[in-house]
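# Residue-level structural notes
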Amino acid sequence: MSTYPRRVHPSAFAHASTTAHRTRPPVSHATYTPHVASPHPRSTPAQASIPDLREAINSLDSKMASLMHERHKLESHLERALLSSIFVIGVLDAADDNPVMVPTLMLVCRYWQDVVLDTPVLWSKITVGPHDSLEKARRKLTRSKACPLDIIVNFGTRTEYVSNVTEQVVHAMDLIRPALWRTRSFSLSVPNRPQAHAALLRCQEDAPLLETLCIRIYRSMQDDRYSSPPLPLFNGHTPRLRSCSLTSFNFGWDHRLVSRLNVLKLEGYFNGFTPTAPVLLAILRSCPELEELALRNLSDVDSDPCFHAPPPDQFVPPQQIGRVSLPRLKKITFYYAGIALAREIMSHITFPNLQSLDMSYLQNVTPILQLLYDQALTRLPLRVLRIESCLYSEIKFVDLLRRLPSLAELDLVDIEDASSGFLKASRGLSSAQPWVCPKLESLTLDGCTSIDWDALRTFVESRLPSNSYPRYHDAQAFRSSPLTFTSASSAAARSTRNRTQARPAPQTMMAPQRLRAIDVTRCHQMSKEMVQWLRMYVSEVKCEPAKGVWGEPMAP
């Protein structure tokens, strides 16, 4: 009998290994925690009571109703806000000021009426005058709530308004006085000084939001006993005032009212009330950010000894010491302001960004043209130049035009001494070496009866596109070159060389723009045929209309 153990079949080992693998517990480094049943088992839906479910449904319904109400409320508010914005844009941003626009909107429907009444901006413009009652102004004050106001007190110069205008102005200012703290712009126009002083005596409160102030007195040649101003206006507190227009109002030239301005307009000061050059320069020095300066209807006063200037033919530019720097000044207007005063102002300020200059009724403006020429040597981006009823040296004028490459509009009105010299091709606007005022688009020759037709026609032709390039002025450019035979490689090299040399040409020579508008009104030397010829090459031609037998204007 064999002593060896009994042989076991290999399948038994495979079965045992599989069984052991299945019964082996998972290996985990975490401490094993046995599952303990909760003493309070979770209730099933079947165990919930029907009243609880109904209460839950009612709660959800109430929440949904509340959310829907909030949604409708927000939608209604959004609709009213959008409609209110449309009304504000349509009323305030319109080109024409239509006073019946707001009442018309209220007549459409009740909903629009409620929206208009709940929009304070639509009621922010308050006007008091012969055709605008105080009751209407009172309603606008109430409906405007706390919105900034634009107040206009305007009484014309008609005789039927003079009898009770003072009383109306006083009542209007008593109504407006409590709202001066939220006034954004204030305009007062009255016939004489007593009425202006009666109104401004009630402007003694602070005006922290005031940005624009306009005071206009139509008849100011009398009433000298009202020369003392009711100072200080608005208690001297106008921190946001940026635009000030004063006509014949004597405010003692108080710097608190005319400092830190962007726009300054003075008009209608005669005799002893005219500001002197030192006074105006002191005001300009307190307005370093000034953008527009206008002086109209000022009687010519003698210059101060410290600002003495020689005659026009011996004018010498002043020294740089004591000059007022106005880097943002863009527009200057001198209308019957006196040549002495205008010359003193222009000779003591710097204006590197001046874009528009208007000189009217100033006698001889040659010194001002010389000052403009001196400024143009450094920087002068002048775009509009208007001269009316003045005298000047044509040589100085042409020299200035050659220094104004950005000039786009040139207006000469009632310049009887203006000859055709500034239009001729030698040194004037028709010159192409280089082009003089290449951006000029509009030319006005109203009342300039000394302008020659041939010079004007030459100038218009020189600005046409076909004549704007120098190669058209050379007859050699139109002649054919002699026929030559070359190889393909040499021709390609010559073409490449020509393209390389021709690239910088458009940058070195800029062609002028075509003339867009021309005005030859009261130029009696221009016949009907000449005007018809101008209309062939210029899109806008303005001339004196033809008249009938009885002097009535006839259609062209």
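Now for a description of the structure that goes with this document. In every chain, residue numbers begin from 1 and rise along the written sequence. Note on the predicted model: pLDDT of at least 70 is required for a residue's local features to be given, and 80 or more for side-chain atom pairs to be given and counted; whole-chain, interface and lining totals, by contrast, use all residues. Side-chain measures here rest on the full set of heavy atoms in the structure, leaving out hydrogens and waters.

Within the protein chain, the regular secondary structure consists of 15 helices and 16 strands. Partly exposed residues are those whose accessible area sits between 20% and 50% of the maximum for their type, while under 20% is buried and over 50% is exposed, using a 1.4 Å probe and protein chains only. Considering the protein chain as a whole, with its 556 residues, one finds that 38% of them fall into the buried category. Whether two residues are in contact is decided by their heavy atoms, any of which lying within 4.5 Å being enough. Summarising the internal contacts of the protein chain: among those between residues at least 6 apart in sequence, 75% fall at separations of at least 24. Approximately 33100 Å² of the protein chain is accessible, and the part contributed by carbon and sulfur atoms is 56%. Counting from the N terminus, the helices are DSSP H or I runs at least four residues long and the strands are E runs at least two residues long. Only the protein chains shown count as covering a residue, and every accessible area follows the Shrake-Rupley method with a 1.4 Å probe.

Okay, the packing of helix H5 (residues 134–143) against helix H6 (residues 165–176) next. Following both chains from N to C, one finds H5 and H6 inclined at 10°, their axes separated by 11 Å at the closest point. Accordingly, the angle class assigned to the pair H5 and H6 is roughly parallel. Contact with H5, carried on its side by Leu134, Ala137, Arg138 and Leu141, involves His171, Ala172 and Leu175 of H6 and no other residues of that element. Taken together, the residues that form the contact of H5 with H6 break down as 5 nonpolar, 1 polar and 1 charged. Helix axes are fitted only over the stretch in contact, all axes being lines through C-alpha atoms; the angle between N-to-C directions runs from 0 to 180 degrees. Should an angle lie under 35 degrees it is considered roughly parallel, over 145 roughly antiparallel, and from 65 to 115 roughly perpendicular; all remaining angles are considered oblique. Amino acids are sorted into nonpolar (Ala, Val, Leu, Ile, Met, Phe, Trp, Tyr, Cys and Pro), charged (Asp, Glu, Lys and Arg) and polar (every other residue, Gly among them).

Those residues of H5 that fall on the buried side of the exposure criterion are Ala137, Lys140 and Leu141. Buried residues in H5, looked at end-on, bunch into an arc of 100°, giving them a common side. Against strand E1 (125–128), strand E2 (149–154) and H6 lie the buried residues of H5. Downstream of H5 by one or two residues, Lys145 has phi in the positive range, about 55°. Each direction from the helix axis to a C-beta atom contributes to the arc, which is the arc of those directions.

The next thing to look at is the nonpolar core. Of all hydrophobic cores here, the largest spans 116 residues; its most connected members are Ile349, Phe422 and Leu456. Looking at this core element by element, the count peaks at 6 residues for H6. Among all residues touching Leu456, those that are not within four sequence positions of it are Leu423, Leu443, Leu445, Ile518, Val520, Met526 and Leu534. Think of a nonpolar core as a cluster: buried Ala, Val, Leu, Ile, Met, Phe, Trp, Tyr and Cys residues, connected wherever their side-chain atoms sit within 4.5 Å. The next biggest cluster of nonpolar side chains, apart from the first, holds 11 residues, and it includes Leu83, Phe87, Val91 and Met106.

Let us look at the environment of Thr238. One can find Thr238 in the loop between strand E4 (212–217) and strand E5 (243–247). Owing to a relative accessible area of 6%, Thr238 belongs among the buried residues under this scheme. For the pair Thr238 and Ala207, spaced 31 residues apart in the sequence, the C-alpha separation amounts to 5.4 Å. If we ignore the near neighbours within four places in the chain, the residues touching Thr238 are Ala207, Leu210, Arg256 and Arg260.

For Asp411, the position within the fold is in strand E13 (residues 409–413). Asp and Glu count as negative and Lys and Arg as positive, but His and the ends of the chain are not part of the count. Any Lys or Arg side-chain nitrogen found within 4 Å of a carboxyl oxygen on Asp or Glu counts as a salt bridge. Buried charge without a partner: Asp411 forms no salt bridge, and the closest opposite charge is Arg386, 4.5 Å away. Whenever a nitrogen or oxygen atom comes within 3.5 Å of another N or O atom, the pair is scored as a polar contact, on the condition that within protein one atom can donate a hydrogen and the other can accept it, and that pairs from neighbouring residues in sequence are kept only if both atoms are in side chains. One polar contact links Asp411 to Thr444, side chain to side chain, over a distance of 2.9 Å. Apart from the residues within four sequence positions on either side, Asp411 is in contact with Leu385, Arg386, Ile387 and Thr444.

Its identity is not glycine, yet Lys145 carries a phi of approximately 55°, on the positive side. Following the sequence through the fold, Lys145 ends up in the loop between H5 and E2. Here the phi dihedral of Asn235 falls at roughly 60°; this positive angle occurs in a residue that is not glycine. Relative to the helices and strands, Asn235 resides in the loop between E4 and E5.

Here we take up the pattern of salt bridges. On inspection of all chains with the given rule, the structure shows 15 salt bridges. With a shortest N-O distance of 2.9 Å, Asp174 and Arg202 are connected by a salt bridge. Taken together, the positions of Asp174 in helix H6 and Arg202 in the loop between helix H7 (193–200) and E4 put the pair 28 residues apart, joining distant regions of the chain. Judged by its relative accessible area of 22%, Arg202 falls in the partly exposed class. Here Arg386 and Glu388 are joined by a salt bridge, their closest N and O atoms 2.8 Å apart. Since its relative accessible area comes to 24%, Arg386 is described here as partly exposed.

Note that all results are geometric; they support no functional claim without further evidence.
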